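# Residue-level structural notes
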Amino acid sequence: MRWSGRRLIALPFVSLFFLLTFFSWKRKEIPNYLPEEAHKYFHPDESHDHEIQTTPAPQAPVVQELVQRPILTYDEAVELNSVGCSTEGVNFDAGSVRDNEQRWREIPSTRISDWRHDIAAYLQEKIESESSAPRKTGRGIVMAAGDRDAVIRARTNIRLLRSYNCTLPVEIFHFHTELSKSDKIMLSELSQLEASDGHGFRNNEVAIRVVEGIEKGNGWKAFEIKGAAIQQSSFDEILYLDTDSYSLQNPESLFESNSWKDTGLLLWPDYTKSHPTNPIWRLVGHQCRDEYEGESGQIVISRSQHQEVLWLVEYFAVRHDEFYGFMGGDRDSFRAAALMLGKKWAGPGRLNAVAGVALKDDPKGGGHTMLQADPEGRWMFVHANLIKHGKFPRPLWRKIHRAAKDRFEGTSTYGNIDPPNDKLGVGVKLRVEQAPRIETFMETFEGYNESLVVVEDWDAYEELEGFEEKWFEFGGVH
Ligand SMILES: *[C@@H]1O[C@H](CO)[C@@H](O)[C@H](O)[C@H]1NC(C)=O
Ligand SMILES: *[C@@H]1O[C@H](CO)[C@@H](O)[C@H](O)[C@H]1NC(C)=O
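Residues numbered from 1 in each chain as written. Chains lettered and ligands numbered in written order. Predicted model: local features only at pLDDT ≥ 70, side-chain atom pairs only at ≥ 80, totals over all residues. Heavy atoms only, no water.

### Observations regarding the overall build of the chain
Just so we agree on the cut-off: Under the DSSP-based scheme used, a helix requires at least four consecutive residues in state H or I and a strand at least two consecutive residues in state E, with every element numbered from the N terminus. Each residue is assigned to one of three classes by its accessible area relative to the maximum for its type, calculated with a 1.4 Å probe on protein chains only: buried under 20%, partly exposed between the two thresholds, exposed over 50%. Shrake-Rupley sampling with a 1.4 Å probe provides the accessible areas, and residues are treated as covered by the protein chains on show and by no other component.
Along the backbone of the chain there are 15 helices and 14 strands. Across the 478 residues of the chain, 57% fall into the buried class. Of the accessible surface of the chain, which amounts to about 21,000 Å², a share of 51% is contributed by carbon and sulfur atoms.

Rendered as structure tokens:
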């Protein structure tokens, strides 16, 4: 590189600028929108002082603050995180921790810093380039379907939605290499009024769209599409649904809930809790939250309130090789993005349950469905995410396993970890069997009282009654 005389003269001033930038961030106030656990990251001890920022901060406040947040070493982070997140009697993703812990330990603080800077630059670029883009409006449902099986699930799903008189338009995304001509025809036929079904459904538009900017991965699931599909959809208020997450009521009710009005972001929990060693905490700059990780079978998000979250989720999706290893695929990337940007969310009023065939009363059957609730605690989504991986006998939905204490305190929901919500599910674990087919069982950890898990009949809940008949009637295939 050739340095002109003028540049050489400027060099001391540039250095002085960096130095001042550094000292000014040292004195910076902790932003008040960050939750309390994030504040603990600001003074665990002084040993993270070596993390000197050497680039001038970009303009947008959220972006500026992001790169200035302190970065902890692995050991510092794990020590602090272990205070927040106990692992005793807690169902964390043991397989992922076992397989990845060594790799996580080796992530240097410089890489965390690089990630943050890259994210900040990406968000800044988006903020600048998109500020004049036309505002998206309206409410709608987003799905992703790439093959015949997914198309069939989407069809059953949409027929169910119509049976509740849901009129939201639907956009179905796929990779450009996916979907045969006949799959596309099958989907586009869904846009037609299905009067011939005799159910008198009201029409709702179904559009088929190609996701841009990412290629199909070769994992066992096309995880990467979701984050990008939601961001690229044409709606302002978005309900994302996995094709196998079937609603039990008109989901338009979610947009009437206080949870939605308060936050504009609804997330649902998975069965696994956060682990202190997970690099997600170093990346987002928070102490580990004693909370279940996110499950992305259903997401409700307001673009106008949370555009940066959507960009960040899309960023994680595009760079899934780097990030999805510690976000459980895409499932925890929404919570990670919300935490990183200091956004609050709400969700169901109770923890998720396992549903399936006879479960432990019959050694031949286990769980294949994650049952998710609405903000009031009524069961709302039958997320049947394992029936596509193994053959289960009918009746498919017969029993439920759930934590005996699964209700969030008062009107609080997922997203709130104030005591006693932080203790929900303690002592309860999910056992996953891989053979003869993948299936799940909810149990207690050794040494915990077995009455921490209750087994109930599917039909014991009014909102679940008759689901199976309807699912088959609408073309459900297992
Ligand atoms: C849907 O609308 C029709 C026609 O107004 C009505 O008869 C039916 O009860 C509604 N169904 C539900 C589930 O609300
Ligand atoms: C387990 O809990 C139940 C209900 O709280 C109680 O009645 C029972 O005595 C407990 N059993 C043991 C072994 O502690």
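Structure shown, so let's carry the discussion forward.
### Some details on the sheet that holds strand β6 (residues 265-273)
The condition that has to hold: The pairing criterion for strands is at least two bridges between them, as found by DSSP. Helix axes use the C-alpha atoms of the stretch in contact, all axes being lines fitted to C-alpha atoms, and the angles between their N-to-C directions lie in the range 0 to 180 degrees.
The sheet built from six strands is open, its strands ordered β3-β2-β1-β4-β7-β6 with mixed pairing. Edge strands, defined here as strands with exactly one partner in the open sheet, are β3 (206-210) and β6. The mean angle between the axes of side-by-side strands here comes to 25 degrees, regardless of whether they run parallel or antiparallel. For strand β2 (residues 170-174) and β3, the ladder comprises five bridges, and the chain directions are parallel. Across the sheet, E171 pairs through a bridge with A207, a residue of β3.

### Brief notes about the nonpolar core
Cut-off, in case you're wondering: Think of a nonpolar core as a cluster: buried Ala, Val, Leu, Ile, Met, Phe, Trp, Tyr and Cys residues, connected wherever their side-chain atoms sit within 4.5 Å. Throughout the structure description, domain borders are defined by an automatic or database domain assignment. Working rule for contacts: check all heavy atoms of both residues, and any pair within 4.5 Å makes them a contact.
In this structure, I119, L283 and F316 are the most contacted members of the largest nonpolar core, which totals 69 residues. The biggest single contributor to this core is helix α12 (residues 303-318), with eight residues. Counting contributing residues, this core receives three or more from each of domain 1 (36-44 + 53-347) and domain 2 (353-473). In this structure F316 touches I119, L283, F323, Y324, M327, S333, A336 and A337, once residues within four positions along its chain are discounted. The next biggest cluster of nonpolar side chains, apart from the first, holds 29 residues, and it includes L179, L241, F255 and W260.

### Some thoughts on the confidence of the model for the chain
Selection criterion: By definition, pLDDT measures how confident the predictor is in each residue, and it falls between 0 and 100.
For the chain, per-residue confidence averages 86 on the pLDDT scale, and residues scoring 70 or more make up 83% of the total. Low pLDDT, under 50, characterises residues 1-5; the stretch is placed with three contacts to residues that sit more than four places away or in other chains. Note that residues 46-54 has pLDDT below 50 and, in this model, 23 contacts with residues that lie over four places away or in other chains.

### A look at helix α14 (residues 333-340)
Buried residues dominate α14, accounting for eight of its eight residues. Within the sequence span of α14, burial applies to S333, F334, R335, A336, A337, A338, L339 and M340.

### Digging into the state of the cysteines
Formally: Throughout, a disulfide means two cysteine sulfur atoms within 2.5 Å of one another.
Under the definition given, this model contains one disulfide. Through a disulfide, C85 is tied to C288; the S-S separation comes to 2.1 Å. A torsion of -90 degrees about the S-S bond marks the disulfide between C85 and C288 as left-handed. Placement of C85 in the loop between α4 (74-84) and α5 (94-105) and of C288 in the loop between α11 (280-284) and β7 (292-302) is noted, with a sequence separation of 203 residues between them. In this structure, C85 and C288 share a single accessibility class: buried.

### Focus on unusual backbone geometry
For the bond running from R394 to P395, omega is -5 degrees, close enough to zero to count as cis. Note on placement: P395 falls in the loop between β10 (379-383) and β11 (399-403). Cis geometry is adopted by the peptide bond preceding P436, which originates at A435 and carries an omega value of 5 degrees. Residue placement: P436 occurs in the loop between β12 (428-433) and β13 (439-444).

### Here's the deal with a negative patch on the surface
Rules: Patches here are clusters of residues that have more than 30% relative accessible area and form no salt bridge, with a 9 Å joining cutoff for like charges and a 5 Å cutoff for nonpolar side chains (Val, Leu, Ile, Met, Phe, Trp, Tyr). Salt bridge criterion: a side-chain nitrogen from Lys or Arg within 4 Å of a carboxyl oxygen from Asp or Glu. Counted as positive: Lys and Arg. Counted as negative: Asp and Glu, with His and the chain ends omitted from the count. Think of each charge as sitting on NZ of Lys, CZ of Arg, CG of Asp or CD of Glu.
A contiguous patch of negative charge, built from D459, E462, E465 and E469, is present on the exposed surface. Locating E469 in the fold gives a position in helix α15 (residues 467-473).

### Examining the side chain of D183
Inspection of the secondary structure assignment puts D183 in helix α8 (residues 181-189). Beyond its immediate sequence surroundings of up to four residues, D183 is in contact with D147, R148 and V151.

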